[in-house]
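Chain by chain, the residues run as shown.
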Amino acid sequence: MTRDFAPGSPFALLSSAETAAWYAYMKVHLRLEYELNRQLRADSGLSLADYHVLVALTSADGGRMRVTDLAVRIGWERSRLSHHLKRMRDRGLVGTGTAAGDRRVTEVALSETGWESLRQAAPDHVGFVRQAFLDALEPAELAQLTTLLDRVYDTLLEHGTLPRPDDHP
């Protein structure tokens, strides 16, 4: 699909192919975020933001991570994460406290309630991801998409402001 944009449009700065690719990506990104959040809320009471935090914590030893490292891992500003962690802590999904090794560092830990919420949410969530996203692709297309997204991610890290998370190869 090609579109002609008015000279004042930000899309007028892109070629037709760039505009088509970016528009296609944004349509998927925005709709996918909405639908994933809707599915999680309806089926488990978790938000997509909750799910991002909980899944990231599962990748850390003992489900415990420094708040700064967690912010890098999920690509959030530390202040946004701190506010969200307070809400999650109030719901019993996580605990926060001072790190044993460095009292200047705040850590967040996945609580048993958080683990259980994640275990209960995961099957329906993964089913929705498969149905709404993965099933649209043939195996070769899935492999190609993975390669392309990894390349974009590496370029984003090169030109962005956040460091590569420790657990992202």
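In case you missed it, the structure is sitting above this.
The shown structure was predicted, so the numbers you read here are calculated from the model rather than taken from an experiment.

Basis of the calculations
- Position numbers for residues start from 1 in each chain and track the written sequence from start to end.
- Per-residue local features of the predicted model are confined to residues with pLDDT of at least 70, and side-chain atom pairs are confined, for both listing and counting, to 80 or more; whole-chain, interface and lining totals are unaffected and use all residues.
- Based on all heavy atoms of the structure, the side-chain values leave hydrogens and waters out of the count.
- One requirement defines pairing of two strands: DSSP has to find at least two bridges between them.
- Counting from the N terminus, the helices are DSSP H or I runs at least four residues long and the strands are E runs at least two residues long.
- Convention adopted: a line fitted to C-alpha atoms gives each axis, helices being fitted over their contacting stretch, and angles between N-to-C directions are expressed from 0 to 180 degrees.
- We call two residues in contact whenever any of their non-hydrogen atoms come within 4.5 Å of each other.
- The salt bridge definition used is simple: a Lys or Arg side-chain nitrogen within 4 Å of an Asp or Glu carboxyl oxygen.
- Each residue's exposure class comes from its accessible area (1.4 Å probe, protein chains only) as a fraction of the maximum for that residue type: buried when under 20%, exposed when over 50%, partly exposed otherwise.
- Stacked, tilted and edge-to-face are the three classes applied to pairs of Phe, Tyr and Trp rings, where Trp contributes its six-membered ring and a pair requires centres within 6.5 Å; stacked means planes under 30 degrees apart, edge-to-face means over 60, and tilted covers the rest.
- Should the NZ of a Lys or the CZ of an Arg lie within 6 Å of a ring centre and within 35 degrees of the ring normal, that charge is described as sitting over the ring.
- Here a polar contact is recorded for every N or O atom pair within 3.5 Å, except that within protein the pair must consist of a potential hydrogen donor and a potential acceptor, and residues adjacent in sequence are included only if both atoms are side-chain atoms.

## Quick word on the sheet that holds strand β1 (residues 64-66)
1) Next: Taking strand neighbours across the sheet as the criterion, the three strands line up as β1-β3-β2 in an open arrangement whose pairing is antiparallel. Two strands bound the open sheet, and with one partner strand each, they are β1 and β2 (94-98). Put simply, the sheet's adjacent strands are angled 25 degrees from each other on average, direction ignored.
2) Next: Of the strand pairs in this sheet, β2 and strand β3 (residues 106-110) are connected by five bridges, and their pairing is antiparallel. Within β3, the residue paired with T96 across the bridge is V108.
3) Next: Along the sheet, helix α3 (residues 67-74) makes contact with β1 and β3, crossing β1 at roughly 90 degrees.

## Considering the pattern of salt bridges
1) Next: Considering all chains together, one arrives at nine salt bridges under this definition.
2) Next: R38 is the partner of E35 in a salt bridge, and the nearest nitrogen-oxygen pair spans 3.0 Å. Here R38 and E35 lie together in helix α1 (residues 16-44), a separation of three residues that amounts to about one turn.
3) Next: Overall, the relative accessible area of 37% leaves R38 in the partly exposed class.
4) Next: Through salt bridges with shared partners, one network takes in E112, E116 and R119.

## As for the packing of aromatic side chains
1) Next: What the rule picks out here adds up to one aromatic pair.
2) Next: Between W22 and Y25, the ring centres sit 5.3 Å apart and the planes meet at 35 degrees, which makes this aromatic pair tilted. Taken together, the residues W22 and Y25, both in helix α1 and three residues apart, mark about one turn of the helix.
3) Next: Taking the relative accessible area as the measure of exposure, W22 reaches 42% and is therefore partly exposed.
4) Next: Owing to a relative accessible area of 40%, Y25 belongs among the partly exposed residues under this scheme.
5) Next: For R38, the ring lying beneath its charged end belongs to F128, and the centroid distance is 5.8 Å.
6) Next: The ring of W76 has R80 lying over it, and the distance from NZ or CZ to the ring centre is 3.8 Å.

## Observations concerning the side chain of E107
1) Next: Tracing the sequence through the fold places E107 in strand β3.
2) Next: At a separation of 3.4 Å, a polar atom in the side chain of E107 contacts the side chain of R64.
3) Next: Residues in contact with E107, not counting those within four places in the same chain, are R64, M65, R66, V67, G95, T96, G97 and A99.

## Section: the environment of A121
1) Next: Inspection of the secondary structure assignment puts A121 in helix α5 (residues 112-132).
2) Next: Sequence-wise, A121 and L46 are 75 residues apart; in three dimensions their C-alpha atoms are separated by 7.9 Å.

## Observations concerning the side chain of Q39
1) Next: Secondary-structure assignment places Q39 in helix α1.
2) Next: Look at Q39 and you get buried, because its relative accessible area is 3%.
3) Next: A polar atom in the side chain of Q39 sits 2.9 Å from the side chain of H125.
4) Next: Not counting residues within four places of it along the chain, the set of residues in contact with Q39 comprises D124, H125 and F128.

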